[in-house]
Every structure is written in C-alpha cells, then in structure tokens.
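Here is how the chains run, residue by residue.
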Amino acid sequence: MSPLVCRKIIGAKYFNIEGDYAKEDSISPRDVQGHGSHTASTIAGNLVKSSSLLGFASGTARGGVPSARIAIYKVCWIKIGCPQAETLAAFDEAIADGVDIISISTGLTSIVYIPYFQSAFDIGSFHAMKRGILTSKSADNSGPGLSSITTYSPWILSVAASTIG
C-alpha cells in the first residue's frame, strides 16, 4: 500500500452482525466492488498531475479536500447487501469515534417512500446532526424523471449525479 494511502486512512472497521459472508467478500473493511474507494477519492483524493479524459481537458485532478483523512465503516456485503442494523451500528461507531463528516454512498435501488425515522439513514444521520456531524448521502436518484430521489430528510445533505449533452 502506498505511504500516502496509509497516512490518508486513519481508521477502518466493518460490520456484519450475523457473520453472513459470500465467498467473494473480503472479511475486512476492504472495498471489493470499488464504489467506496471511488467516493472516497472524490472526497479526499490527492493531487494527480497530467490527468485527462481520453486526452481532453488535461490538468490536475484532485478530491474536494485533499488534506482530509478518512475513517472507513463498511456495512455492505455481496450476499446480504447493506442491512439497516449494520448501518446504524456504523453510525453509532462513527459518532463515538468523533468524526467530522459522514459520507454515505449506499441506499435504495428503487423509488420508495419511507416516512421519516423509519430508515437507518434517517435515524443515524439525525443522531449525527444532533451532535454537530454533517451527513452527506447519495440521493438515490434514478432520474432523469421527476421525484426520483429517496433521500430527502432535511438534516441530510443529498447529493445526486447529473449528465449534460
């Protein structure tokens, strides 16, 4: 592992209460699908000079806050998905660890209305907000249709992707 990565990641924990793993799972905080690594680099990626998109827009790429350090709390597994109990346990652990921001890039895969305080995201992020910790979460948008987000609690910063022609 690169020395720069070792200084960037300051904590890593995983949660699988039932101990139900698939053969392909890494029984560790390690990301085997790449999505968590991708979103972490968007937040805290170091400077990468001479970056381009297929030779276009050459320049220096970087995450939003390259000086940020990351604590990882893995709750998603190939066999069981991202259970609510594991998600709440990770929120509790992150709050107890004293993190400044919680970034979550898991969520629903279809448009479902869930009343406030009936999802692990709403409950955990509300407790974080009460302690001054911002939660930024994927909006779970399945757009481009209207009303396609499922993360809309006012105490969560919902983040969605978009495309341009």
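Here is what the cut-offs are and how they apply
Residues numbered from 1 in each chain as written. Predicted model: local features only at pLDDT ≥ 70, side-chain atom pairs only at ≥ 80, totals over all residues. Heavy atoms only, no water. Pairing = 2+ DSSP bridges. Helix = DSSP H or I, 4+ residues; strand = E, 2+ residues; numbered from the N terminus. Axes fitted to C-alpha atoms, helices over the stretch in contact; angles between N-to-C directions. Patch = residues over 30% accessible without salt bridge, like charges linked within 9 Å, V, L, I, M, F, W, Y side chains within 5 Å. Areas by Shrake-Rupley, 256 points an atom, 1.4 Å probe, with all protein chains shown as cover. Salt bridge = Lys/Arg side-chain N within 4 Å of Asp/Glu carboxyl O. Buried < 20%, exposed > 50% of the residue type's maximum accessible area, 1.4 Å probe, protein only. Contact = heavy atoms within 4.5 Å. Disulfide = S-S within 2.5 Å. Phe/Tyr/Trp six-rings, centres within 6.5 Å; stacked < 30°, edge-to-face > 60°. Lys NZ or Arg CZ within 6 Å of the ring centre and 35° of its normal.

Chemist: What's the story with the sheet that holds strand β7 (residues 156-159) in this structure? I'm lost.
Modeler: What links the strands of a sheet is backbone hydrogen bonding, and the strands pair in either a parallel or an antiparallel sense. The three strands are arranged β5-β6-β7 in an open sheet whose pairing can be described as parallel. Whereas interior strands pair on both sides, the edge strands pair on one side only; in this sheet they are β5 (101-104) and β7. Averaged over all pairs of adjacent strands, the angle between strand axes in this sheet comes to 20°, irrespective of strand direction. In the sheet, β5 pairs with strand β6 (residues 134-138) via four bridges, with the strands oriented parallel. By the bridge assignment for β6, Ile102 is matched with Thr135.

Chemist: Sorry, what's going on with a nonpolar patch on the surface here?
Modeler: A cluster of nonpolar side chains, Tyr113, Tyr116, Phe117, Ile149 and Tyr152, forms an exposed patch at the surface whose accessible area comes to about 520 Å². Tracing the backbone through its elements, the reader meets Tyr113 in the loop between β5 and α4 (120-130). Tyr113 sits in the exposed class, given a relative accessible area of 63%.

Chemist: Help me out: how do you make sense of the side chain of Ser28 in this one?
Modeler: Looking at the element boundaries, Ser28 is found in the loop between β1 (9-14) and α2 (35-44). For Ser28, the residues in contact, after removing those within four places along its chain, are Tyr14, Lys74 and Trp77.

Chemist: Help me out: how do you make sense of the state of the cysteines in this one?
Modeler: Cysteine pairs can be linked by a disulfide, which is a covalent bond between their two sulfur atoms. The tally for this structure, following the rule as stated, stands at one disulfide. Across a sulfur-sulfur distance of 1.9 Å, Cys76 and Cys82 are joined as a disulfide pair. Torsion about the S-S bond of the Cys76 and Cys82 cystine: about 110°, corresponding to right-handed handedness.

Chemist: Help me understand the packing of aromatic side chains, please; the structure alone is not making it clear to me.
Modeler: Each aromatic ring pair is specified by the distance between its two centres and by the angle formed by the two planes. What the rule picks out here adds up to six aromatic pairs. Here the aromatic rings of Tyr116 and Trp155 are separated by 5.5 Å at their centres, their planes lie at 50°, and the arrangement is tilted. Here the residue Tyr116 occupies a position in the loop between β5 and α4, and Trp155 occupies one in the loop between β6 and β7, the gap between them amounting to 39 residues. In this structure Tyr116 comes out as partly exposed when scored by relative accessible area, which is 40%. Here Trp155 falls in the buried class, since its relative accessible area comes to 15%. Relative to Trp155, the ring of Phe117 has its centre 5.2 Å away and its plane inclined at 20°; by these criteria the two rings are stacked. Of the two residues, Phe117 sits in the loop between β5 and α4 while Trp155 sits in the loop between β6 and β7, which places them 38 residues apart along the sequence. The class for Phe117 is partly exposed, based on a relative accessible area of 41%. Among the aromatic residues, those joined into a ring-pair cluster are Tyr116, Phe117, Phe126 and Trp155. Stacked on the ring of Phe121, the Lys or Arg Lys137 has its end atom at 4.3 Å from the ring centre.

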